[in-house]
Number of protein chains: 4
Amino acid sequence: MVKKRQILVIGHNTNGCTPEHEKIAYDVGVEIAKSGSVLISGGLGGVMTASAHGAKDAGGLTVGIIPQDDASEANEFCDVVIPTGMGLTRDFLNALSADGVIIVGGGSGTLSETCAAYMNKKPMVAIRNLNGPVMQYIDGYLDHRKNVKIIGVDTAQEAVKKILELITA
Amino acid sequence: MVKKRQILVIGHNTNGCTPEHEKIAYDVGVEIAKSGSVLISGGLGGVMTASAHGAKDAGGLTVGIIPQDDASEANEFCDVVIPTGMGLTRDFLNALSADGVIIVGGGSGTLSETCAAYMNKKPMVAIRNLNGPVMQYIDGYLDHRKNVKIIGVDTAQEAVKKILELITA
Amino acid sequence: MVKKRQILVIGHNTNGCTPEHEKIAYDVGVEIAKSGSVLISGGLGGVMTASAHGAKDAGGLTVGIIPQDDASEANEFCDVVIPTGMGLTRDFLNALSADGVIIVGGGSGTLSETCAAYMNKKPMVAIRNLNGPVMQYIDGYLDHRKNVKIIGVDTAQEAVKKILELITA
Amino acid sequence: MVKKRQILVIGHNTNGCTPEHEKIAYDVGVEIAKSGSVLISGGLGGVMTASAHGAKDAGGLTVGIIPQDDASEANEFCDVVIPTGMGLTRDFLNALSADGVIIVGGGSGTLSETCAAYMNKKPMVAIRNLNGPVMQYIDGYLDHRKNVKIIGVDTAQEAVKKILELITA
């Protein structure tokens, strides 16, 4: 198969994103591109824009899976846009499209994608010491099933290195 | 419009559900039916079966929105079955179909539906002192947006009384 | 199981619907209600409104599965509304929710639902001598697989009688 | 925006596909790649495999949007796989992801995608003189709304040339 590794990056949309989150997300995008993997995201603002920006600057391929049915609503750094027209329900498609997930802070939308990834047993890493509802699950499990642990990391480079290990395993 | 109030009940599927959860869910179903509202659920086991069972015993109407594309996979207490064939992505349809949500414990799937309801600003109540990842958000918010608070209640009767107030408001 | 038979009625939305189509759809709704079955529709105008109107006038239960995420967009004759927020993609959910399908004229949306029903091997009947792209398939098959034949009928009463036979078989 | 043009190719899956369809689809894939566009398909067999094969042989980028939730079910020529887990409902996502559509024969599934593309007003071309339910609409409209005409062409090269004109217009 010619299929490339697909790494989903999730985190705050424009509302809630900080320059710190953007910097980390940008660096994650760069590392994903350098690894030859495809960056998958929800195609909108904040962490989604920053990670795709980093991936494009490093010569990578980016896919944005957006809630709207109009591709022009995606951020400007998506090579491929999937305009689902499904609203935020598309959070599940993001998780299904991931071989592995990198979490950069985030709010309820990110928590939703994290649940979807967890239920589908996708490997996940999360950057420590950011904010939002996902942070408390780092190095633990979302529920009693213990499907998959959210592994804590401290930098963008560690995040991509670790997710590649988990995907390969 | 002839549309009835639609109340979604969420919580553990068979895996993770206890007799305590089932009893509470059954009573919630009874109260929903007595109020003349429609019970919406994910149509499978555990809390979903128990609440629909209670609603049917009290003469109510029940709808099960299931992940599979085959209606025979729904539990035996659903008057209407929507076989989405979308897998767990249907969690979002559950939330969208709710005028209000009652949370009875639950794991990652319930947390996913809670996120979906929160992002769509649906009123929510949760029974206190059960287990699982949703409990910590009771009387608080899922993220910084403060869309809607998850109101804590102690009994099935309080839950239905409170959700009806919130829906009417 | 308490699940009732679910009969989907499809046809023109407001654009393209004629008084003749509305009359037939209304009568189909009445017959569905008299049979104790649940009427499922796309919850919007034209044939969808008329069939739900007929079903409500005859004391039946109606479900509208709509493209929007807001239940208030459904027509006024739906007891239960599923606001999918999926746009016209919801055509597939209509077909999946059907034990059998009755086609009353219709355009491209109806053809889409007919394809979805055909691919899911749902029994189908269609009223003859109306207009639109589905008419030519009456008493034939949509493709070489010959999954299920679209049976032609001439009246609303025949349509419901026939679809009930096909569902039971 | 860095977004590339996205061209959807639809037609028979393995069941119903002939060597003639495969040859045409392969050539369409080659032309799409040569134009610098991304090939979008349903990611399974028949025309979907052949067009992706042609695009990969010509150095292009391919995306497969599949019904299953498991990326390994996609054909071997997809660079990016979107495992929707939505079953055939994903036909609508194929159409939404298209800037333009090329139809190579096909059965009910292709007709379904054609309806979805038509309802979303996507430019469409179809290869003449193949088989299946879509052929009769060539150089015409699916219904009275006359959203978009399905333009007939005779070769793979004409198809891609024409769809690029329509997309640019």
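In this text, all values refer to a predicted model and were calculated from it rather than measured experimentally. (Residues numbered from 1 in each chain as written. Chains lettered and ligands numbered in written order. Predicted model: local features only at pLDDT ≥ 70, side-chain atom pairs only at ≥ 80, totals over all residues. Heavy atoms only, no water.)

## Overview of the overall build of chain A
Moving on, step 1. A count of helices and strands for chain A gives five helices and seven strands.
Moving on, step 2. Reading chain A from its N terminus to its C terminus gives the helix and strand order β-α-β-α-β-β-α-β-α-β-β-α.
Moving on, step 3. The C-alpha radius of gyration of chain A comes to 14 Å, within 12% of the 15 Å expected for a compact globule of 169 residues.
Moving on, step 4. In terms of principal-axis extent, the alpha carbons of chain A reach across some 40 × 35 × 30 Å.
Moving on, step 5. When each of the 169 residues of chain A is scored for burial, the buried share is 66%.
Moving on, step 6. Side-chain charges in chain A split into 15 positive and 18 negative, and the spacing between the mean points of these groups amounts to 10 Å. (Helix = DSSP H or I, 4+ residues; strand = E, 2+ residues; numbered from the N terminus. Rg over C-alpha atoms; globule rule 2.2 N^0.38 Å. Buried < 20%, exposed > 50% of the residue type's maximum accessible area, 1.4 Å probe, protein only. Lys, Arg positive; Asp, Glu negative; His and termini not counted. Charge placed at Lys NZ, Arg CZ, Asp CG, Glu CD.)

## Comments concerning the sheet that holds strand 3 (residues 61-66) of chain D
All names here are of chain D.
Moving on, step 1. Pairing within the open sheet is parallel, and its seven strands lie in the order 4-3-2-1-5-6-7. The sheet is open, and its two borders are formed by strand 4 (80-83) and strand 7 (150-153), each paired with just one other strand. This sheet shows a mean twist of 25° between the axes of neighbouring strands, independent of strand direction.
Moving on, step 2. Bridge count for strand 1 (residues 6-11) against strand 5 (residues 100-104) is five bridges, and the pairing is parallel. (Pairing = 2+ DSSP bridges. Axes fitted to C-alpha atoms, helices over the stretch in contact; angles between N-to-C directions.)

## Considerations on the interface of chain A and chain D
Moving on, step 1. In this assembly, 28 residues from chain A lie in contact with 28 residues from chain D.
Moving on, step 2. Contact between chain A and chain D buries roughly 2200 Å² in total, counting both sides, with carbon and sulfur atoms accounting for 68%.
Moving on, step 3. D:K4 is the partner of A:D79 in a salt bridge, and the nearest nitrogen-oxygen pair spans 3.4 Å.
Moving on, step 4. The interface formed by chain A and chain D holds eight residue pairs in polar contact (both at pLDDT 80 or more) in total.
Moving on, step 5. Listed by contribution, the elements that provide at least two residues to the side of chain A that touches chain D are strand 3 (61-66), strand 4 (80-83) and helix 3 (91-96) of chain A.
Moving on, step 6. Looking at the side of chain A that touches chain D element by element, the count peaks at four residues for strand 4 of chain A.
Moving on, step 7. Among the residues making up the side of chain A that touches chain D, the classes are represented as 17 nonpolar, five polar and six charged. (Contact = heavy atoms within 4.5 Å. Buried area = accessible area lost by both parts, 1.4 Å probe. Salt bridge = Lys/Arg side-chain N within 4 Å of Asp/Glu carboxyl O. Polar contact = N/O pair within 3.5 Å; in protein donor to acceptor, adjacent residues only side chain to side chain. Nonpolar A, V, L, I, M, F, W, Y, C, P; charged D, E, K, R; others polar.)

## Brief notes about the sheet that holds strand 4 (residues 80-83) of chain B
Residue and element names in this part refer to chain B.
Moving on, step 1. With respect to topology, seven strands assemble into an open sheet ordered 4-3-2-1-5-6-7, the strand pairing being parallel. Of all strands in the sheet, those with a lone pairing partner are strand 4 and strand 7 (150-153), marking the two edges. Going across the sheet, the axis of each strand differs from the next one's by a mean of 25°, ignoring polarity.
Moving on, step 2. Bridging between strand 2 (residues 38-41) and strand 3 (residues 61-66) involves four bridges; their strand directions are parallel. Counted as the bridge partner of V38 is L61 from strand 3.
Moving on, step 3. Its contacts with the sheet place helix 4 (residues 108-119) against strand 1 (6-11), strand 5 (100-104), strand 6 (124-127) and strand 7, and it is angled at close to 145° to strand 1.
Moving on, step 4. Packing against the sheet, helix 5 (residues 156-168) makes contact with strand 1, strand 5, strand 6 and strand 7, and its axis sits at approximately 170° to strand 6.

## Side note on the confidence of the model for chain A
Moving on, step 1. For chain A, the average pLDDT comes to 97, and 100% of its residues sit at 70 or higher.
Moving on, step 2. In the predicted complex, the global pTM is 0.98; the interface-specific ipTM is 0.97. (pLDDT = per-residue confidence, 0-100.)

## So, the packing of helix 4 (residues 108-119) of chain C against helix 4 (residues 108-119) of chain D
Moving on, step 1. Following both chains from N to C, one finds helix 4 of chain C and helix 4 of chain D inclined at 150°, their axes separated by 9 Å at the closest point. It follows that helix 4 of chain C is roughly antiparallel to helix 4 of chain D by the angle criterion. Here helix 4 of chain C and helix 4 of chain D pass one another in a crossing that is left-handed. Contacts from C:S108, C:G109, C:L111, C:S112, C:C115, C:Y118 and C:M119 in helix 4 of chain C reach D:S108, D:G109, D:L111, D:S112, D:C115, D:Y118 and D:M119 in helix 4 of chain D.
Moving on, step 2. Residue classes in the contact of helix 4 of chain C with helix 4 of chain D are distributed as eight nonpolar, six polar and no charged. (Parallel < 35°, antiparallel > 145°, perpendicular 65-115°, else oblique. Left-handed = near helix turned anticlockwise from the far one by under 90°.)

## Some thoughts on the relation of the copies chain A and chain D
Moving on, step 1. After a rotation of 180° and a shift along the axis of 0.0 Å, chain A superposes on chain D with an RMSD of 0.0 Å. The symmetry that links the two subunits is that of a two-fold axis.
Moving on, step 2. A share of 100% of the interface residues of chain A reappears at the interface of chain D, consistent with the copies meeting face to face through the same patch. (Least-squares fit on C-alpha atoms with pLDDT ≥ 70 in both.)

## Details of the side chain of D:D143
Moving on, step 1. Secondary-structure assignment places D:D143 in the loop between strand 6 (124-127) and strand 7.
Moving on, step 2. Overall, D:D143 belongs to the buried group, its relative accessible area being 9%.
Moving on, step 3. Within polar-contact distance, the side chain of D:D143 engages the side chain of D:R145 at 2.6 Å.
Moving on, step 4. Discounting residues that sit within four places of it in the chain, D:D143 has contacts with C:G107, C:S108, C:P133 and D:Y118.

## Some remarks on the packing of aromatic side chains
Moving on, step 1. Tallying each qualifying case throughout the model produces two aromatic pairs over all chains.
Moving on, step 2. For the ring pair A:F92 and B:F92, a centre distance of 6.1 Å and an interplane angle of 85° mean the geometry is edge-to-face. On the criterion of chain membership, the pair formed by A:F92 in helix 3 and B:F92 in helix 3 (residues 91-96) is interchain, its members lying in two chains.
Moving on, step 3. Overall, the relative accessible area of 1% leaves A:F92 in the buried class. (Phe/Tyr/Trp six-rings, centres within 6.5 Å; stacked < 30°, edge-to-face > 60°.)

## So, the state of the cysteines
Moving on, step 1. Under the criterion given, the structure shown has zero disulfides over all chains.
Moving on, step 2. B:C17 carries a free sulfur, and the closest cysteine sulfur to it, the one in B:C78, is 15 Å from it.
Moving on, step 3. A residue is classified by how much of its surface remains accessible, and B:C17, at 17% relative accessible area, is buried.
Moving on, step 4. Cysteine D:C115 remains unbridged, with the sulfur of C:C115 as its closest cysteine sulfur at 4.9 Å. (Disulfide = S-S within 2.5 Å.)

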